[in-house]
Amino acid sequence: MFFLVRHLMLMWLLRCANNILVPLKPMCTISIEGFTKKIKIRQKILLRRFKIDGQPNFIEDVHSIYTVKGSKAFQGFEINKTLFEGKSEYQDVSIYENDSLGRILTLDGIIQITECDEFVYQEMMTHVPIFSHENPKNVLIIGGGDGGILREALRHKGIKRVVMSEIDQLVVDVCIEYMPSINNHGKVYNDPRTQLIVGDAFSFVKDTDLKFDVAIIDSTDPIGPGEKLFSGEFYKNLIEILN
């Protein structure tokens, strides 16, 4: 019911804006005062940015969540400032700023992290598995290009090595520049215990001779470059490199 209400509220909001047409179909075009935006996720074209009263907004279709009768959930925020918009070999990378949420990283139009509450995700993802191990020395991080999981893992003084396999150098670079609070201004990569490997994590896990006590998977959604990280073959290979 909650997601249905959010969906209906969004549709009402869009219809109240000037000159907007939102067909109730998976394929849609949003046009506002000559501003048109189409974003393709999987096989659907979904709304990402539009303006209400001249103020840019970001809306994400939470495509993995469906309720009764196919109703969808949406989340979004007002864009107070656009800090970076670019495209790597793998994905669209954007960083926006919002007065309440701070700086926000999105990949392929999907919200990844916000400065306001990133610590909740980073701390739980990192400390729970590390504390569950009796004596962790070697940690593997899959993904995590913002550097937050690495930051938290390095707080454990007993850890001797943290290998981080991230496919997209652009994500690492823009997060150092525009979201330095998450990665200690990039200092996490200068720690002698850190080894950053830029490349396909699927191939790394399959081919590496290294062994790890803890593996933390901080991947994107199961589309695009992160899709292989949700396969049975990936986790079979991952088990083989755990002590």
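Not measured: the values here are computed from a predicted model. Position labels on residues start from 1 in each chain and follow its written sequence. With pLDDT at 70 or above as the cut-off, local features in this predicted model cover only qualifying residues; side-chain atom pairs require 80 or more to be listed or tallied, and sums for whole chains, interfaces and linings still use all residues. Hydrogens and waters are ignored; side-chain quantities use all the structure's heavy atoms.

S.K.: What is the right way to read the packing of aromatic side chains from this model?
M.R.: Any pair of aromatic rings gets described here by the distance separating the centres and the angle formed by the planes. The criterion for an aromatic pair is that two Phe, Tyr or Trp rings (for Trp, the six-membered ring) have centres within 6.5 Å, with stacked assigned to planes under 30 degrees apart, edge-to-face to planes over 60 apart and tilted to the rest. A full pass over the atoms with the stated rule returns 6 aromatic pairs. Judged by centre distance (5.7 Å) and plane angle (50 degrees), the rings of Phe58 and Tyr96 are tilted. Linking Phe58 in strand 6 (residues 55–66) with Tyr96 in strand 9 (residues 92–98), this pair joins segments that are 38 residues apart in sequence. Owing to a relative accessible area of 0%, Phe58 belongs among the buried residues under this scheme. Ring centres 6.4 Å apart and planes at 25 degrees place the aromatic pair Phe202 and Phe234 in the stacked group. Of this pair, Phe202 sits in helix 6 (residues 201–207) while Phe234 sits in helix 7 (residues 232–240), and the two are 32 residues apart along the sequence. Note on conventions: DSSP H or I runs of at least 4 residues are helices, E runs of at least 2 residues are strands, and numbering of each starts at the N terminus. Buried means the residue's accessible area, taken with a 1.4 Å probe over protein chains only, is under 20% of the maximum for its type, while exposed means over 50%, and partly exposed covers the values in between.

S.K.: Explain the side chain of Asn98 here, please?
M.R.: Topologically, Asn98 is positioned in strand 9. Polar contacts here mean pairs of N or O atoms no more than 3.5 Å apart (in protein, one a potential hydrogen donor and the other a potential acceptor; neighbouring residues in sequence count only if both atoms are side-chain atoms). Within the structure, Asn98 has its side chain in polar contact with the backbone oxygen of Glu78 (distance 2.8 Å). In what follows, residue pairs with any heavy atoms lying within 4.5 Å of each other are defined as contacts. Asn98 has contacts with Phe77, Glu78, Asn80 and Ile104, leaving out every residue within four places of it along the chain.

S.K.: Explain the sheet that holds strand 10 (residues 102–107) here, please?
M.R.: Two pairing modes exist for strands in a sheet, parallel and antiparallel, and in both the strands are linked by backbone hydrogen bonds. Two strands pair if DSSP finds at least two bridges between them. Judged by pairing direction, the sheet is antiparallel, and its 4 strands sit side by side in the order 8-9-10-11 without closing on themselves. Across the chains shown, the open sheet's two edge strands, defined by having one partner strand only, are strand 8 (81–87) and strand 11 (110–114). The average undirected angle you get between the axes of adjacent strands in this sheet is 20 degrees. Packing of helix 4 (residues 169–178) onto the sheet brings it into contact with strand 8, strand 9 and strand 10, and relative to strand 9 it is tilted by some 20 degrees. Each axis is a line fitted through C-alpha atoms, taken for helices only over the stretch in contact, and angles between the N-to-C directions span 0 to 180 degrees.

S.K.: What exactly am I supposed to notice about the nonpolar core here?
M.R.: General note: in soluble globular proteins, nonpolar side chains tend to be found buried as a group. Side-chain atoms within 4.5 Å link the members of a nonpolar core, which is a set of buried Ala, Val, Leu, Ile, Met, Phe, Trp, Tyr and Cys residues. Counting 15 residues, the largest nonpolar core has Ile130, Val139, Ile141, Leu150, Val162 and Tyr189 as its most contacted members. For this core, the elements supplying multiple residues, two or more each, are strand 12 (138–143), helix 3 (148–153), strand 13 (161–166) and strand 15 (214–218). Of the residues forming this core, the biggest block, 3 residues, is contributed by helix 3. Beyond its immediate chain neighbours, meaning those up to four positions away, Tyr189 contacts Gly145, Asp146, Gly147, Leu150, Met164, Val172, Ile176, Thr194 and Leu196.

S.K.: Explain the pattern of salt bridges here, please?
M.R.: Opposite charge on two side chains lets them pair, provided their charged atoms get close. One side-chain nitrogen of Lys or Arg within 4 Å of one carboxyl oxygen of Asp or Glu is enough to make a salt bridge. Tallied over the entire structure, the rule returns 7 salt bridges. Here Glu152 and Arg155 are joined by a salt bridge, their closest N and O atoms 2.9 Å apart. A network of salt bridges, in which partner residues are shared, links Glu118, Arg151, Glu152 and Arg155.

S.K.: Explanation requested: a nonpolar patch on the surface in the structure shown.
M.R.: The patches reported here contain residues having more than 30% relative accessible area and no salt bridge. Joining distances are 9 Å for like charges and 5 Å for nonpolar side chains (Val, Leu, Ile, Met, Phe, Trp, Tyr). Computed with the Shrake-Rupley method and a 1.4 Å probe, the accessible areas treat only the protein chains shown as cover for residues. A contiguous nonpolar surface patch, about 380 Å² in accessible area, is contributed by Phe119, Val120, Met124 and Val128. The exposure class assigned to Val128 is partly exposed, which follows from its relative accessible area of 47%.

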